Structures are given as structure tokens and as C-alpha cells.
Amino acid sequence: MTTPVPFLSDNAAAVHPKVWEAMRAADSADNPYDGDALSGELDARFTELFGRDCAALWVATGTAANCLALATMVQPHGAVVCHAEAHIEADEGGAPGFFLHGAKLILCGDGHGGEGAKLTLEQIAATIDSIRDDVHQVQPHAIAITQASEYGRVYGRDELAALADFATSRNLGLHMDGARFANAAAFLGGSARDAAHGVDSLAFGLIKNGAMGAEAIVLFDPEQADLVRYRRKRAGHLQCKGRYLAAQILVMLEDDLWLENARHANAAAQEIAAGCGERLMHPVEANELFVRLTQTEREALRRHDFAFYDWGPDAARFVTAWNTREEDAQALGKAIARL
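An account of the accompanying structure is given in this report. For clarity, every value in this text was computed on a predicted model and none was experimentally measured.

1. With respect to the side chain of T146
Point 1. Within the secondary structure, T146 sits in strand β5 (residues 139–146).
Point 2. Within polar-contact distance, the side chain of T146 engages the side chain of E150 at 2.8 Å.
Point 3. Apart from residues no more than four positions distant in its own chain, T146 is found in contact with Y155 and D177.

Next comes the structure, spelled out in C-alpha cells:
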């Protein structure tokens, strides 16, 4: 039986060999929880990466990273403003409400992708300006954006600066879900600082980019770190052998492996995009492609052993990864072009 060529999701990709090596190198006794030497390096490494003071803590999932970061800004009686198709709304099983003890999500956008599921100042203002400033209505406490967005679109530095200025003017926190942050940074030329310009907190994604089971919560107000540490423990996310998570994060930062992996995935997505033409539903800026395809066309591609997800009745989503082979991406692009 032929093994399908995988374009399902980057979170199903193999673990990078250097990550395994780093975890084996960490396989000796050290202090438990986050008291080990490797965990102790995280703050300095992320401060160097972003060029501004920050604190970084490991967790095992992106859901925990998003929710624990948001918990530093949002009280139970408050709300998070996000796009209607944001991952925290559509794909985290109510976790924000659970971690934030009842805080709600206020949704912006048209619910059908909008401009690639990116929030605009106009959308946010139109959504929250009608909220009365009194105890009878839930007040927004933070804005959450996704970089790259749920449709693979990237916020540029100027867009982020405008969002940050708006958030500051409204006394709102600004959080970034960076599940595919590396792909966005690669698209913007490789600058982590530009890709997270002005945000207060970041869920720095690693699992979709070659790690096994580690994500980083990056807090650009280091004084918030202790609050997250207590909540991480209370939520059951303080792992005894945290050095193995820290090892994954550190090796991904070493020699910009995180960026190298993302550049490879982005390049593979462009190989596929070259064969899609007007079928593309959104510009390809990271490593996701949304392509108009009929059911018959999707079946034809699957008969050629390409594995992917349907995206509604007349489209498909293809995702490339750090280890997508160039020849496989080219083959898929050519197969789509022949349809």
C-alpha cells in the first residue's frame, strides 16, 4: 500500500533530529519543574531574540500558552476581542473561558475569513465602541491576534504598530497566538522583533515547526512571569521534568533552526502555489494554502496519494512542514495545475 504524501497539518510532521538530540543530551539528573539549568536560560535567550526584556516559560501545548498568557490581562468579568475564526474561538474547546474563569470572547470579522482572518482597527472599534462603560456589560480587557493568521496571512510591522497603539489608547492588552509565528517571521525577512512588534505576550509556537511537545509563553512585561508560574501549576501544566521542554526550545533557537525550518516550509508552500493559479482563496504568505477544488477534483488528488483536509464543500487546505520534500510540493502543484 502506498504511503500518502502528507499535506494534512504541520503539527503532524516528524520531530526534527536536533530536537531528539537535545532531549537526549538533557537526560541526566537536574532540579525538577523549572528549576533546572536549561529552563533558567530561557529568559536570556528570548530577550536576545526579541531585543527587549522578556520572560519565557515552557508549556506543552499552544492552548495552554494562549490561555495562560491571556490570564495575565483579562479578569473573569472581562473579555478578549478576537477574530470570529480565531483559533481560541474555533479550535480550543472553550479553554479560554475555562482558564480565564468565565471571561468571554468578543468576536470581530464576518465569520467567513474576511481579509484572511486578520483583525483591523476598524473591525475592533466597530465591535467594542457600542459597549457601554458600565457594570451591566462585559468590558474588553485584551485583543488577541494570530500570527500567521488562520488563513496564513501575516501582519506586517506597521499593522502591528497600529494595533499596539490602538490597544494602548484603549487600555487593552495585546496578545499574539504565534502557533505559526516562525512562518510569519520568515515571510517578513526573518525578524522575530518585527513579527511581534508591540505585543504584550506571545505564544511562541514550536510544535508545528519541528519540536515534539514544547511551546513558549513569552511575556514582554517580565513582572507578569510569577503570575503565570502560579497559574501554570494550578492548571496542571507544571511538568516535573521541565528540562526536556526547555531543551526543545533552546535547540530550536540555536543557530536560528526555528527560522530555517519555517523558511523551508514557506518555500514548499510557494512550490504548490505556483500550480494553483486563480484557485487560491488567499495569498500564500506562510505555509498554508486554501484552494478551490470540487469534490471530484479532490478525489482525483487523493487517488494520486496526496493527503489533505477538505475545507468546506468546494475547497481544500494544504499545509507544508519543515520536512516537506521539494519534489512532493512540486508534484502537488503540477497535479493541481493539470486538473
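This is not the end of the story, as more comes after the structure.
2. Description of a negative patch on the surface
Point 1. A grouping of E254, D255, D256 and E260 is seen on the molecular surface, where their side chains present a negatively charged patch.
Point 2. Following the sequence through the fold, E260 ends up in helix α12 (residues 257–273).
Point 3. The exposure class assigned to E260 is partly exposed, which follows from its relative accessible area of 48%.

3. Observations regarding the packing of aromatic side chains
Point 1. One pass over the full model with this rule turns up 14 aromatic pairs.
Point 2. Here the aromatic rings of F7 and F306 are separated by 6.4 Å at their centres, their planes lie at 45°, and the arrangement is tilted. You can see F7 sitting in the loop between β1 (5–6) and α1 (17–25) and its partner F306 sitting in strand β10 (residues 306–307), a full 299 residues away along the chain.
Point 3. We classify F7 as buried; its relative accessible area is 0%.

4. Details of the sheet that holds strand β12 (residues 315–319)
Point 1. The three strands are arranged β9-β12-β11 in an open sheet whose pairing can be described as antiparallel. Each end of this open sheet is capped by a strand with a single partner; those strands are β9 (288–292) and β11 (309–310).
Point 2. The pairing of β9 with β12 spans five bridges and is classified as antiparallel. Note that in β12 the partner of R292 across the bridge is A315.

5. Concerning the side chain of K208
Point 1. Secondary-structure assignment places K208 in the loop between β7 (201–204) and β8 (215–219).
Point 2. When near neighbours in sequence (up to four residues on either side) are disregarded, K208 contacts D10, N11, A179 and R180.

What counts and what doesn't
- Residues numbered from 1 in each chain as written.
- Predicted model: local features only at pLDDT ≥ 70, side-chain atom pairs only at ≥ 80, totals over all residues.
- Heavy atoms only, no water.
- Helix = DSSP H or I, 4+ residues; strand = E, 2+ residues; numbered from the N terminus.
- Polar contact = N/O pair within 3.5 Å; in protein donor to acceptor, adjacent residues only side chain to side chain.
- Contact = heavy atoms within 4.5 Å.
- Patch = residues over 30% accessible without salt bridge, like charges linked within 9 Å, V, L, I, M, F, W, Y side chains within 5 Å.
- Areas by Shrake-Rupley, 256 points an atom, 1.4 Å probe, with all protein chains shown as cover.
- Salt bridge = Lys/Arg side-chain N within 4 Å of Asp/Glu carboxyl O.
- Lys, Arg positive; Asp, Glu negative; His and termini not counted.
- Charge placed at Lys NZ, Arg CZ, Asp CG, Glu CD.
- Buried < 20%, exposed > 50% of the residue type's maximum accessible area, 1.4 Å probe, protein only.
- Phe/Tyr/Trp six-rings, centres within 6.5 Å; stacked < 30°, edge-to-face > 60°.
- Pairing = 2+ DSSP bridges.

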